[in-house]
Structure formats: C-alpha cells, structure tokens
Number of protein chains: 2
Amino acid sequence: MAHRLKEQYKELLDKKGLTYTFERKRIFEEIQKISVHFHVDGLYDRFKKQGERISRATVYRTIPLLLESGVIQKSAGNGKRDFFEKTNAKGHHDHMICVKCEKIIEFHNEKIEALQDEISKHHKFKVTFHDHRLFGYCQKCQ
Amino acid sequence: MAHRLKEQYKELLDKKGLTYTFERKRIFEEIQKISVHFHVDGLYDRFKKQGERISRATVYRTIPLLLESGVIQKSAGNGKRDFFEKTNAKGHHDHMICVKCEKIIEFHNEKIEALQDEISKHHKFKVTFHDHRLFGYCQKCQ
DNA sequence: GGTCTGGTTGAGATCTTGTCTCAAGATTTA
DNA sequence: TAAATCTTGAGACAAGATCTCAACCAGACC
Ligand SMILES: [Zn+2]
Ligand SMILES: [Zn+2]
Ligand SMILES: [Zn+2]
Ligand SMILES: [Zn+2]
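In short, a report on the structure. Small disclaimer: the values here were computed from a predicted structure and weren't measured. (Residues numbered from 1 in each chain as written. Chains lettered and ligands numbered in written order. Predicted model: local features only at pLDDT ≥ 70, side-chain atom pairs only at ≥ 80, totals over all residues. Heavy atoms only, no water.)

1. Some words on the protein's contact with DNA strand C
Taken together, 19 residues lie around DNA strand C, and A:L18, A:T19, A:R24, A:T58 and B:R56 are the ones closest in. Among all atoms of DNA strand C positioned within 4 Å of the protein, those belonging to sugar or phosphate total 68%. Between DNA strand C and A:T58, the relevant distance is 2.5 Å, taken from a phosphate oxygen to a side-chain nitrogen or oxygen of the residue. Here a phosphate oxygen of DNA strand C and a side-chain polar atom of B:Y60 are 3.3 Å apart. When residues of the surface near DNA strand C are traced back to their parent elements, those giving at least two are α2 (22-33) and α4 (56-68) of chain A together with α4 (56-68) of chain B. The biggest single contributor to the surface near DNA strand C is α4(B), with 4 residues. Looking at the surface near DNA strand C, its residues break down into 5 nonpolar, 4 polar and 10 charged. (Near = heavy atom within 4 Å. Polar contact = N/O pair within 3.5 Å; in protein donor to acceptor, adjacent residues only side chain to side chain. Helix = DSSP H or I, 4+ residues; strand = E, 2+ residues; numbered from the N terminus. Nonpolar A, V, L, I, M, F, W, Y, C, P; charged D, E, K, R; others polar.)

The structure is reproduced here in structure tokens:
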C-alpha cells in the first residue's frame, strides 16, 4: 500500500515538474510511521525531536502535495487545527464520534457517497473533499 | 418567532445578572436582518459600515450569549472561520462550501438522512446531531 | 569546468481568527 | 455620595497557517 502511495506521490510531483527531494521523501516516510491522526505541527515536532532540520514551512508546504496525491486525507478535526490521516487500505471513510468517551467509529456507505455526487452535480458544485460526522453516544455510553 | 427569541435572550441575560444593553440589543437586531449564515467579523463589519461604533470585542463577546439563549446556532464552518445562523423556521439542512469565494449552498436529502439513521442504528450508535459538509468550488469559481 | 536558470529551503515576518487585558464609563447598591 | 459591579472599546496577545526572500542546489547550456 505505502509503496503504491509513494508512486502516486512521485507521479504527482513529476506531473507538476517538482523534485522528489530529501525533505519531501522524509515527510512521506515519517507519516507512514504515524498510526492514525496527526496535525502539521505534530509532524514537524517529530523531526525537531529527532534533530532533523526540516523547517516548519517545508512541512506545511508539503501537506497539499500529499493531499493531492492521495497519500493523506483530511480527517475529522474537532478543534482549531486541521487534522490529517494517511490514506489506508479502506480508502475514504466517515466518522461517528462519541461525545462522551470520544470513541470514533468509521463508516463508509457508497449510497451516501453517490447521493453526494448527485446533489453536488445538480448544483454544479465541484466537490474536492467532504466532512461527514455523526455525533452522539456509542453503545457503551448511552 | 423573533419576538420569542428576544424574550429567551432577555431571560438568559437576566438569569445571569446581565443587562440588556444598547449593544446587546443592536447585535440581536442586526442578526435578524441577516438572511441566514454569518461569521462574527462579518457581523462586526455591518456595524462598522453603518458607522455604528460597536467594538469587535463586544460582538465576539455577545455570541456565546446568543448561542446559549438559542437565538443563533452553530452552522457550517468553512474550515477556518466559525459560522452561525439564526434559529428560525428553516429546518435541518447541510452545506456545500466554496473554498474560494466562501459561498454556501444548502442542501437537504432525505435519503442521506435515512441512510445515516440506518448506519448508526446498525452500530448501536445514538446520534444527537451531525455535520455534513461538502467542500469544493461553486460554479463561478471553477 | 563555469555559468545560467529555476525549483527548494529555512528563518522569520505576516496574516487570520479569536481571546484576553485593562482603563474608562455606566449602572446598581449601600 | 461612595463603593461595588458591569460593560465597553482599543489594542495586545495567541495560535494556526501562509507568505517573503535571500541563500542554496540541480540540471541545462556553453
Ligand atoms: Zn464520505
Ligand atoms: Zn462512548
Ligand atoms: Zn443532514
Ligand atoms: Zn445553513
């Protein structure tokens, strides 16, 4: 999986006339080590902590490339920060979030995705990503 | 409708030992003139444009009071700003948000709502509210 | 090799959204 | 009236994110 994603990433860079630099390589690799969600400064801190001098600006600059190539995707962020998660084998999914214990249940429903397409097409709106979250109580917390 | 909301607002202020000041009155009134969605600086700008000297801090400070009294509710954020909308006759709806011009298109789809119910039921998850936003480019911004 | 060209980077400035501080003015209470 | 309490405006501040710019690097060209 990671291999295919790396190819997509390299292809995007190539398509844009950009180089697969040391920094862009390291950022890709480091993300593969993160289990689930992350925010950009958290990612930057990992480099800083390891003594690698990759600048904050570069990390921030690389995020759009990772997003566009599908290596990562926007994740359900609760607060001020943008959160991301690496694209996993399951591909796109949405979230149910327990407001009590913060448990996250992922779901994916093709019908909903198709309806979204239909609706946006009808409004001539070109969707680049979406955020669909159901808040409430998980089985244990009811 | 607006009258009942104003009463709720006044009651909340009273309950909290706060005064129904000129500024708090003007902010309530101005919101009634806004068709649907707004963000706080947008509201502030309306006063500035009209030459009314109500400070940004006061507008920001009043928002929690309006929220708590039910005069307004959180609405779609565009990913950066918090958006609000006044509580009114309009029922539940979701949003498409243009990431370029910030235009908001509302949509409502019973099938999606029903599928959400189905999915959450299947996971024994009790949904209290949801947030469904499609981000992208409106017709003009493509 | 040396030079030109243009992508890339780091450091810090800047912008954006929202909160907080504090002194002055207004209001209520004693 | 004086003291206590609210309220406000202006601007400082904070956090997240983006932008600027000079130095740097890599390939193209001579
Ligand atoms: Zn989805
Ligand atoms: Zn729970
Ligand atoms: Zn909905
Ligand atoms: Zn709306």
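2. Some points on the coordination of the zinc ion (ligand 1)
Residue and element names in this part refer to chain A. Within the protein, the atoms that donate to the zinc ion (ligand 1) are H92 (NE2), D94 (OD), E113 (OE) and H130 (NE2), at distances of 1.9 to 2.1 Å. For the zinc ion (ligand 1), the 4 donor atoms in the first shell make angles of 86 to 133° at the metal, a pattern classed as tetrahedral. Donor residues for the zinc ion (ligand 1) sit on one chain with the sequence pattern H-x1-D-x18-E-x16-H. Assessed through its relative accessible area of 26%, H92 is described here as partly exposed. Classification of D94 as buried rests on a relative accessible area of 2%. (Donors = N, O, S within 2.8 Å, 3.2 Å for Na, K, Ca; no water. Tetrahedral: all angles 85-135°; square planar, octahedral: opposite > 155°, others 65-115°. Buried < 20%, exposed > 50% of the residue type's maximum accessible area, 1.4 Å probe, protein only.)

3. Brief notes about the protein's contact with DNA strand D
As a matter of local geometry, DNA strand D sits amid 17 residues, with A:R81, B:T19, B:T21, B:R24 and B:T58 nearest to it. For DNA strand D, the backbone portion of the atoms within 4 Å of the protein, that is sugar and phosphate, comes to 70%. Within the side chain of B:R24, one N or O atom sits 2.5 Å away from a phosphate oxygen of DNA strand D. Within the side chain of B:R61, a nitrogen or oxygen atom sits 2.9 Å from a base nitrogen of DNA strand D. Counting residues per element, the ones that place at least two in the surface near DNA strand D are α4 of chain A together with α2 (22-33) and α4 of chain B. The element that contributes the greatest number of residues to the surface near DNA strand D is α4(A), accounting for 4 residues. Along the lines of polarity and charge, the residues of the surface near DNA strand D split into 5 nonpolar, 4 polar and 8 charged.

4. Section: the sheet that holds strand β2 (residues 72-75) of chain A
Residue and element names in this part refer to chain A. If you walk across this open sheet you meet the 3 strands as β1-β3-β2, and the pairing is antiparallel. This sheet does not close on itself; its edge strands, each paired only once, are β1 (37-38) and β2. Relative to strand β3 (residues 83-86), β2 runs antiparallel, the two sharing 4 bridges. From the neighbouring strand, S75 faces β3, where its bridge partner is F83. Set on the sheet, α4 makes contact with β1, β2 and β3; between it and β2 the angle comes to about 100°. (Pairing = 2+ DSSP bridges. Contact = heavy atoms within 4.5 Å. Axes fitted to C-alpha atoms, helices over the stretch in contact; angles between N-to-C directions.)

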